[in-house]
Amino acid sequence: MLICVDLDGTLLDTIPANAASYRAALEEQGFTVTDEYYAQYCNGGYYKQFLRPLMGGDPAPEAVERVHHRKKELYSSCLPMVRPNTSLLAILQAMKAAGHDLACVTTGSKQNATEVLEHFGVRELFGLIVTGEDVERQKPDPEGYCKAMAYFHVTPAETMIFEDSGIGLEAAKASGATVFRVEQF
């Protein structure tokens, strides 16, 4: 059995850290985002899509990349704001101990995903981490989940996915796996 878990909002409440690091990166370029706006419209989304309206609607691609790169640099200083989903972590640790494979599938960057998982000492739980940099099509496309299944040589019937956001749930359901919605922790 493969257990896939989304990172942001599912395994860890990273919304405050992501919002703060994006806000700081945007403010350096003369833009901003509130925590509320980030939580409602950006969380779980792909930066190339949600940064455009925050940067005036039609920014140069280099400007979007500059903000995203700076956000990644600032993220580690915001890690104390992250809160773990202790119940889900306990489930995952038990599943790992029982011999099941675990994969983390996120739209986030490899750098930030690795940093936050290491910060909480849970990086070693996952035999695979699939990030936004590892796929051509972002959630709601199921590509990330399908890559994890292919890596572990399992079918959707042998896969469980934990997700929280609308686009993440859409991707998880489209993969054909059994899906569990994480609402609050």
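Everything numeric in this text was worked out from a predicted model, so none of it was measured.

Enquirer: Whenever I open this one, the nonpolar core confuses me. Can you help?
Expert: Most often, soluble globular proteins keep nonpolar side chains buried together rather than apart. Within the largest apolar cluster, 26 residues are counted, with the highest numbers of intra-cluster contacts made by L7, L11, L92, L117 and F126. Listing elements by their share of this core, those giving two or more residues are β1 (2–5), α1 (15–28), α5 (86–97), β4 (101–105), α6 (110–119) and β6 (159–163). The next biggest cluster of nonpolar side chains, apart from the first, holds 17 residues, and it includes A19, Y38, Y47 and L54.

Enquirer: Quick question: what am I supposed to make of the pairing of β4 here?
Expert: The side chains of a regular strand alternate, residue by residue, between the two faces of the sheet. The element β4 is extensively covered by neighbouring structure, given that four of its five residues are classed as buried. Pairing of β1 with β4 involves four bridges; the strand directions are parallel. The residue bridging V5 from the neighbouring strand is C104, located in β4. With three bridges connecting them, β4 and strand β5 (residues 128–130) associate as parallel partners.

Enquirer: Explain the side chain of T14 here, please?
Expert: Assignment of secondary structure puts T14 in the loop between β2 (12–13) and α1. Classification of T14 by relative accessible area gives buried; the value is 0%.

Enquirer: Just to check I follow, could you spell out the pattern of salt bridges for this structure?
Expert: Summed over the entire model, instances satisfying the criterion amount to 13 salt bridges. In this structure, E65 engages K48 in a salt bridge whose closest nitrogen and oxygen atoms are separated by 3.7 Å. Separated by 17 residues along the polypeptide, E65 in helix α4 (residues 61–75) and K48 in helix α3 (residues 47–54) bring together distant segments of the chain. Here K48 falls in the partly exposed class, since its relative accessible area comes to 38%. Through salt bridges with shared partners, a single network forms among D6, K139 and E163.

Enquirer: What's the story with the sheet that holds β1 in this structure? I'm lost.
Expert: Hydrogen bonds between backbone atoms are what pair the strands of a sheet, whose relative direction is either parallel or antiparallel. Strands sit in the order β5-β4-β1-β6-β7 across an open sheet of five strands; the sheet is parallel. Two strands bound the open sheet, and with one partner strand each, they are β5 and β7 (178–181). This sheet shows a mean twist of 20° between the axes of neighbouring strands, independent of strand direction.

Enquirer: How do you make sense of the packing of aromatic side chains when you look at a structure like this?
Expert: The relative placement of two aromatic rings is captured by the distance of their centres and the angle of their planes. Considering all chains together, one arrives at seven aromatic pairs under this definition. Here Y37 and Y41 contribute two aromatic rings whose centre-to-centre distance is 4.7 Å and whose plane-to-plane angle is 40°, an arrangement assigned as tilted. Taken as a pair, Y37 and Y41 lie in helix α2 (residues 35–42) at a separation of four residues, close to a single helical turn. In this structure Y37 comes out as partly exposed when scored by relative accessible area, which is 30%. Note on F162 and F180: the rings are 5.3 Å apart at their centroids and 20° apart in plane angle, and the pair reads as stacked. Of this pair, F162 sits in strand β6 while F180 is found in strand β7, placing the two residues 18 residues apart along the sequence. Feature note: the residues Y22, Y38 and F50 constitute an aromatic cluster, connected by ring pairs.

Enquirer: Whenever I open this one, unusual backbone geometry confuses me. Can you help?
Expert: Trans peptide bonds make up the majority, and among non-glycine residues the majority have a negative phi. That bond from K139 to P140 is cis: its omega, 25°, falls within 30 degrees of zero. Among the structural elements, P140 can be located in the loop between β5 and α7 (143–152). Here H153, not a glycine, exhibits a phi torsion of approximately 55°, which is positive. Locating H153 in the fold gives a position in the loop between α7 and β6. Residue classification places H153 among the exposed positions, given a relative accessible area of 72%.

Enquirer: Quick question: what am I supposed to make of the side chain of T107 here?
Expert: Relative to the helices and strands, T107 resides in the loop between β4 and α6. Reaching out from T107, the side chain makes a polar contact with the backbone oxygen of G45 at a distance of 3.5 Å. If near-sequence neighbours (up to four positions away) are discounted, T107 is found in contact with G44, G45, G132, Q138 and K139.

Procedures and definitions
Residues numbered from 1 in each chain as written. Predicted model: local features only at pLDDT ≥ 70, side-chain atom pairs only at ≥ 80, totals over all residues. Heavy atoms only, no water. Core = buried A, V, L, I, M, F, W, Y, C linked by side-chain atoms within 4.5 Å. Buried < 20%, exposed > 50% of the residue type's maximum accessible area, 1.4 Å probe, protein only. Helix = DSSP H or I, 4+ residues; strand = E, 2+ residues; numbered from the N terminus. Pairing = 2+ DSSP bridges. Salt bridge = Lys/Arg side-chain N within 4 Å of Asp/Glu carboxyl O. Axes fitted to C-alpha atoms, helices over the stretch in contact; angles between N-to-C directions. Phe/Tyr/Trp six-rings, centres within 6.5 Å; stacked < 30°, edge-to-face > 60°. Polar contact = N/O pair within 3.5 Å; in protein donor to acceptor, adjacent residues only side chain to side chain. Contact = heavy atoms within 4.5 Å.

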